[in-house]
Structure formats: C-alpha cells, structure tokens
Amino acid sequence: MIKAGFKTLSAKAAAQLDAELMSTGAFSIDQLMELAGLAVAKAIYHQYPPPPQQQPPSKVLVLVGPGNNGGDGLVAARHLKIWGAYDPILYYPKKSPNNQLYSNLIKQLQDLEVGELASLDEVIALLESKSGVGLIVDSLFGFSFRPPIRGEFRDLISYLSINHNKIAPVVSVDIPSGWDVDEGPTDVDINASMLISLTAPKPCAARFVESGPGKVHYLGGRFINHEIAKKYDIMDIIQTYKNDDLIVKL
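Residues numbered from 1 in each chain as written. Predicted model: local features only at pLDDT ≥ 70, side-chain atom pairs only at ≥ 80, totals over all residues. Heavy atoms only, no water.

J.: In this structure, what is going on with helix α5 (residues 120-128)? I would like to understand it.
T.: Residues lying three or four places apart along an α-helix face the same way, a consequence of the helix completing one turn every 3.6 residues. Taken as a whole, α5 has its buried residues at L120, V123, L126 and L127. Projection of α5 onto a plane perpendicular to its axis shows the buried side chains occupying an angular sector of 125°, all on one side. Exposed residues pointing more than 90 degrees away from the buried face of α5 are listed as D121 and E128. In the core, the buried residues of α5 are packed alongside β1 (58-64), β2 (86-91), β3 (115-117), β4 (135-139) and α6 (152-162). (Buried < 20%, exposed > 50% of the residue type's maximum accessible area, 1.4 Å probe, protein only. Helix = DSSP H or I, 4+ residues; strand = E, 2+ residues; numbered from the N terminus. Arc of directions from axis to C-beta. Contact = heavy atoms within 4.5 Å.)

Structure, rendered in structure tokens:
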C-alpha cells in the first residue's frame, strides 16, 4: 500500500505534468498512451496471470471511456490480445470518430479480431453468462473526471456498483471511475479490486487502499525523468522502480 510520505498528484498537478511532458518534454500523446497502456497490461498479467496454454484464453471486458483513460484501455487490450492468453472484448459507447489517434487504436484492435459489444444489455448478458468474464478493465474516466456521472455511463457504473460481488474483479486505470480524483468515492463506488496508478498516485489512491481488505495497488507509466520528478516532488515514488521494471506493486 502507499507508504507514509509518498507524494500524490492532484488533478491540477497531473494535468500540468502531462502538458509539460508534451511541451518541453517532447513526448507525443501517442507515446505516453502506449507506455501507460503497456503498463496496465503488464500489471494485469502480473496480478491475474493467464490460464495454462491448453485452456481457452481468459475473457477480459475492457470498458472504454471517451478520453485518454479510454485510450490507455485500448492500448492495454491490444497488448493482452497479442500475448495470446487473453481474449479482450470492448465496450466503447462514446467513440471519438474524428480523432485519428483513437481511430488508429480501434483499427489495430479490429485487425486482431477483438470483439466489441454494442449496448449495455450486451455487457450485462456477457457478465452474467456462464461462459463469463474473468476480469473487467475500467478505463472509463481518468483524473480529469468531475462528478456527477452523465449519459450512457451512469447506468453502466451503477450496474457495476450494485453487482460488484456477483461479477468479475474490476481493475481501474488511474482512478476508479465515478470517484472524485482528489476526494475519492462520491455517491457510487464500483468497488474495484485493483488500481493501476499512472505516473504517480492521485489523492484518491489512499482512499482506495483503505476501502477494504485485499485491495491491490500498482504504479505504471515509467516515463518521468528525475528533473520533472523533483519538480513535482514525486521522486520517492519514481524510485520504487528497479532495473527494467515497467510496473511496481505498491
């Protein structure tokens, strides 16, 4: 769990850091998303290993939101599919058809024959079917989210919240969707089993690890140089990575 003294990044600081990485840091959004999504896939592989080769691939339902958090989920789905032991299935209710980056990510997944569900009814039917889903990846909302939950996502998050003890474990990317990034849960909680903080934990991560027994917390997105880490006072958590680690369990 998060050790005492670990610095977290508020929503404002996280946005400033991302902007700095893409300006003076010379990173592109594609690079950052690729590294973040790879970290998500690696953390899933580490915490929820695939079944033996003679068994069918494990079904992973990837819930994709309209922003960068959703893009991280799309990248993670690609890696999970390429590794061969997972069978990711997308639910992406609010696409960004005019954004070439997201169109490219979808095309890559289509070329890999990754399945996609068209409605919440199909999501519920899959989650409640006997063939079932082994894991749910929550990449709906990231650190820029502000409650309340609107539109087509409200019923989805409500379903996950009400049925959390009947469905597969939920892995949340950066923050559990529906939570306030600084304050934590508001009027709904999807009860994620695992959180993958990207770049650095957000303030709600402390609430996550305290929210119940068995909560698992990883750090990923290893693209911060020491100067930026010092500037944002997150050097202690960046130093938890060792050698060639792309992820670290906190």
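Still more ground to cover, so stick around.
J.: Help me understand the packing of aromatic side chains in this model?
T.: A ring pair, where both rings are aromatic, is described by two values, the distance of the centres and the angle of the planes. Using the criterion set out here, one finds five aromatic pairs in the structure. Each ring, one from F141 and one from F145, has its centre 4.7 Å from the other, and the planes form 20°; the classification is stacked. Measuring from centroid to centroid gives 5.1 Å for F141 and F153, while their planes differ by 70°, and the two rings are edge-to-face. Highlighted residues: F141 in the loop between β4 and α6 and F153 in helix α6, separated in sequence by 12 residues. In this pair, the class of F141 matches that of F153, namely buried. Cluster of aromatic residues (ring-pair linked, three or more members): Y45, W83 and Y86. (Phe/Tyr/Trp six-rings, centres within 6.5 Å; stacked < 30°, edge-to-face > 60°.)

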